[in-house]
Amino acid sequence: MIYFNNAATSYPKPKEVFEAVNEYFNAPTCHSARTGLEVDPDDKASNARQKLARLFNVDDFNQIVFTSGSTEALNLAINGIGLKKGSHVVSTAIEHNSVIRPLKHLERDEGVEVDFVLCDEYTYVEPSKIEEAIKPNTKAVVVNHSSNVTGSILDLEAISSIAHKHGALIIVDASQSAGNIPIDVKSWDIDLLSFTGHKSLYGIQGIGGLYLKKGLNVKPLKVGGTGLKSEVLTQPTEMPLYYEAGTPNMPGIVSLDAGVGYILEKGIDVLRQKKVDIVKTFINEFKDYPEIDIYTRGDRNSYVNFCFNIRGMVPEEVGYVLDSSYDITVRTGLHCAPMILKPLGVYPWGTVRVSPSSFTVDSEVDKFIEAIKETVKTFVRKEK
Ligand SMILES: Cc1ncc(COP(=O)(O)O)c(C=O)c1O
C-alpha cells in the first residue's frame, strides 16, 4: 500500500518510536513519577515535555500538559477560560471541527458570541481581517496555525499581537504545524497552543497536549487522582498535575518522546523539505491540466499536502479509484473542516488530500502521478 494520508495520522513511524514503545512494554508498566517539579532523568514524561519545549521554544517545560490529543486540548483551552454570555470570540473559516464544535456549543448553550472570519481564495486569513472582527467584549482569538485541508499558514505573531492589543487571549490549534513548521511560542507570545502526537510528531494515537502560558486562569476539564498529594481533597494546582488527572497515557508519552527526539535530531526543516519537494512535484506535474483544480497554492502555505479535485469526479470517486486500482490511500471529503470548503467553491463534496511523509520514496511519487494521469484519461478526458 502507498500511504498518502499522513495529515490524518502518520505512517510509518520512525523505528526509534517502535523501539521506545516496545521497550516500555517489555518492563512493568509502572506509573510515571509525574512530579514534573524536579527533573528526574528517568521520568519519560519530563523527557517528552523537555523535548516539546525545545521544539516549541517554551521556557518552562512544566507548562506543557498531556491530553488525549488536540481535540481534548482545544476543549480544555476553549472551555477553560471562562467564556460566558456576553463574551465574544473571533475564529476563522479555516478551522477544524475540534475548534468549530466547542465554539458552536458555547454559542448554543451559553450564549457566547462567535464570529468566524472568512479566508481568501488562498485560504489565508489576513490578520487585519481578524482585527476588524474584534469587539470590546472579545475575550479570545482562536486560530488554526496551518490548514489541514490546503496547508495555508496564518501569521501567528501578527494575530497574537492584535489579540493582545485588544485584551484578548490567543488560542492556537497547531495540530498540523507541530513537527512540520517551526513554532516559537515565546517570541510569538502565544497563550494556549494545542498539538497532537500522532501526525507529524510521529507518536501513536491517543496522545497530544496543550501549552499554557504561566499565570493564565484556565479551569481543568477533569479532576481526580494524580498519584501524588493524595491527602489533598481538591486537585493539586502545581503544573502539570493540575491538568493531568487520571493514569497518564504512558505508551503515548513514550512514543511522543521518541518521535520529537527524532525530529530534533534530523531537523524539522529537513523533514519538511522532503514533503515539500514531493508536493511541488505533484503541483508541477498537474498545474497545466485543465481537468485538475489545485487548492494548495500561494506564498503562505506549508506545501506539505497536495489538495486537489478532478473536474467531473467527486473526491470519493477519485479516492475509490486510487485505492481499488492502485493501492494508494489518500483522504477525501470534508476533512472535518467544513467552513473552508465554501470559499474554495467545493462545498459539500470537499477535496482529495494527498499527504506524503518524510519516508515516502520516489517510486511512490511516480506511481501516484501515473495513477492520476490514467484516472483523468479514463474517466474525464474527452480525446478528440
Ligand atoms: C487542524 C486539526 N485540528 C485538530 C485535529 C484533531 O486532532 P486529534 O486527532 O489529536 O484530536 C486535527 C486532526 O485531524 C487537525 O487536523
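Residues numbered from 1 in each chain as written. Predicted model: local features only at pLDDT ≥ 70, side-chain atom pairs only at ≥ 80, totals over all residues. Heavy atoms only, no water.

## Regarding the sheet that holds strand 9 (residues 292–294)
Phase 1 of the analysis: Strand order in the open sheet formed by four strands is 9-10-13-12, and the pairing between neighbours is antiparallel. Only two strands of the sheet have a single neighbouring strand rather than two, namely strand 9 and strand 12 (331–333). This sheet shows a mean twist of 25 degrees between the axes of neighbouring strands, independent of strand direction.
Phase 2 of the analysis: Sheet topology note: the strand 9/strand 10 (residues 306–310) ladder contains three bridges and is antiparallel. Bridging from a neighbouring strand, I294 pairs with F308 of strand 10.
Phase 3 of the analysis: Against the sheet, helix 10 (residues 315–326) makes contact with strand 10, strand 12 and strand 13 (351–354), and its axis sits at roughly 155 degrees relative to strand 12, the strand it touches most.
Phase 4 of the analysis: Against the sheet, helix 12 (residues 362–380) contacts strand 9, strand 10 and strand 13, and its axis sits at roughly 20 degrees relative to strand 10. (Pairing = 2+ DSSP bridges. Helix = DSSP H or I, 4+ residues; strand = E, 2+ residues; numbered from the N terminus. Axes fitted to C-alpha atoms, helices over the stretch in contact; angles between N-to-C directions. Contact = heavy atoms within 4.5 Å.)

## Side note on the sheet that holds strand 7 (residues 192–196)
Phase 1 of the analysis: Strand order across the open sheet formed by seven strands is 2-8-7-6-5-3-4, with mixed pairing between neighbours. The outermost strands of the open sheet, each flanked by one partner alone, are strand 2 (64–67) and strand 4 (113–117). Ignoring strand direction, the axes of neighbouring strands in this sheet form an average angle of 20 degrees.
Phase 2 of the analysis: By the bridge criterion, five bridges tie strand 3 (residues 88–92) to strand 4 in an arrangement that is parallel.

## A short note on the site of the ligand
Phase 1 of the analysis: Near the ligand there are 13 residues, and of these T71, D173, Q176, T196 and K199 occur at the shortest range.
Phase 2 of the analysis: Here a nitrogen atom of the ligand and a side-chain polar atom of D173 are 2.7 Å apart.
Phase 3 of the analysis: One nitrogen or oxygen atom from the side chain of H198 is found 3.0 Å from an oxygen atom belonging to the ligand.
Phase 4 of the analysis: Protein contacts shield 86% of the accessible area of the ligand, which totals 390 Å² for the unbound molecule.
Phase 5 of the analysis: Looking at the shell around the ligand residue by residue, the class counts come to no nonpolar, 11 polar and two charged. (Near = heavy atom within 4 Å. Polar contact = N/O pair within 3.5 Å; in protein donor to acceptor, adjacent residues only side chain to side chain. Areas by Shrake-Rupley, 256 points an atom, 1.4 Å probe, with all protein chains shown as cover. Nonpolar A, V, L, I, M, F, W, Y, C, P; charged D, E, K, R; others polar.)

## So, the domain arrangement of the chain
One frequent convention defines the size of an interface as the accessible area lost when the parts assemble.
Phase 1 of the analysis: Here the chain is described as being made up of domain 1 (2–8 + 267–371) and domain 2 (15–266).
Phase 2 of the analysis: Of note, the centres of domain 1 and domain 2, computed from C-alpha atoms alone, are 27 Å apart.
Phase 3 of the analysis: Across the boundary between the two partners, domain 1 contributes 33 residues, which contact 38 residues of domain 2.
Phase 4 of the analysis: Across the domain 1 to domain 2 interface the summed buried area is about 2,900 Å²; carbon plus sulfur atoms make up 57%.
Phase 5 of the analysis: Three residues stand out in domain 1 for area buried against domain 2, namely I268, R300 and M339, and they jointly supply 23% of the buried area on that side.
Phase 6 of the analysis: Between domain 1 and domain 2 we count one salt bridge in total. (Domains from an automatic or database assignment. Buried area = accessible area lost by both parts, 1.4 Å probe. Salt bridge = Lys/Arg side-chain N within 4 Å of Asp/Glu carboxyl O.)

## A short note on the environment of P102
Phase 1 of the analysis: Checked against the element boundaries, P102 lands in helix 4 (residues 97–110).
Phase 2 of the analysis: Look at P102 and you get buried, because its relative accessible area is 8%.
Phase 3 of the analysis: With 267 residues separating them along the chain, P102 and I369 place their C-alpha atoms 39 Å apart.
Phase 4 of the analysis: Ignoring anything within four residues of it in the chain, the contact list for P102 reads N75, I78 and N97. (Buried < 20%, exposed > 50% of the residue type's maximum accessible area, 1.4 Å probe, protein only.)

## Considerations on the side chain of S175
Phase 1 of the analysis: By the element assignment, S175 lies in the loop between strand 6 (169–173) and helix 7 (185–188).
Phase 2 of the analysis: Of note is the side chain of S175, whose polar atom sits 2.6 Å from the side chain of S70.
Phase 3 of the analysis: A polar contact of 2.5 Å, which involves the side chain of S175, links it to the side chain of D173.
Phase 4 of the analysis: Once you skip the residues sitting within four places of it in the chain, S175 turns out to touch S70, S194, T196 and K199.

## Quick word on the packing of helix 1 (residues 15–25) against helix 8 (residues 250–266)
Phase 1 of the analysis: Contact geometry for helix 1 and helix 8: axes closest at 8 Å, N-to-C directions at 150 degrees. Considering their axes alone, helix 1 and helix 8 lie roughly antiparallel with respect to each other. In the crossing of helix 1 with helix 8, the sense of the turn from one axis to the other is right-handed. For the pair formed by helix 1 and helix 8, the contact residues are E16, V17, A20, V21, Y24 and F25 on the first element and M250, P251, V254, S255, A258, G259 and Y262 on the second.
Phase 2 of the analysis: Classifying every residue of the contact of helix 1 with helix 8 by side-chain character gives 10 nonpolar, two polar and one charged. (Parallel < 35°, antiparallel > 145°, perpendicular 65-115°, else oblique. Left-handed = near helix turned anticlockwise from the far one by under 90°.)

## Things to note about the state of the cysteines
Disulfide: a covalent bond connecting the sulfur atoms of a pair of cysteines.
Phase 1 of the analysis: In the structure shown here, the tally under the stated rule is zero disulfides.
Phase 2 of the analysis: This cysteine, C119, is not joined by any disulfide, and C307 carries the nearest cysteine sulfur, 12 Å off.
Phase 3 of the analysis: Assessed through its relative accessible area of 10%, C119 is described here as buried.
Phase 4 of the analysis: Look at C307 and you get buried, because its relative accessible area is 0%. (Disulfide = S-S within 2.5 Å.)

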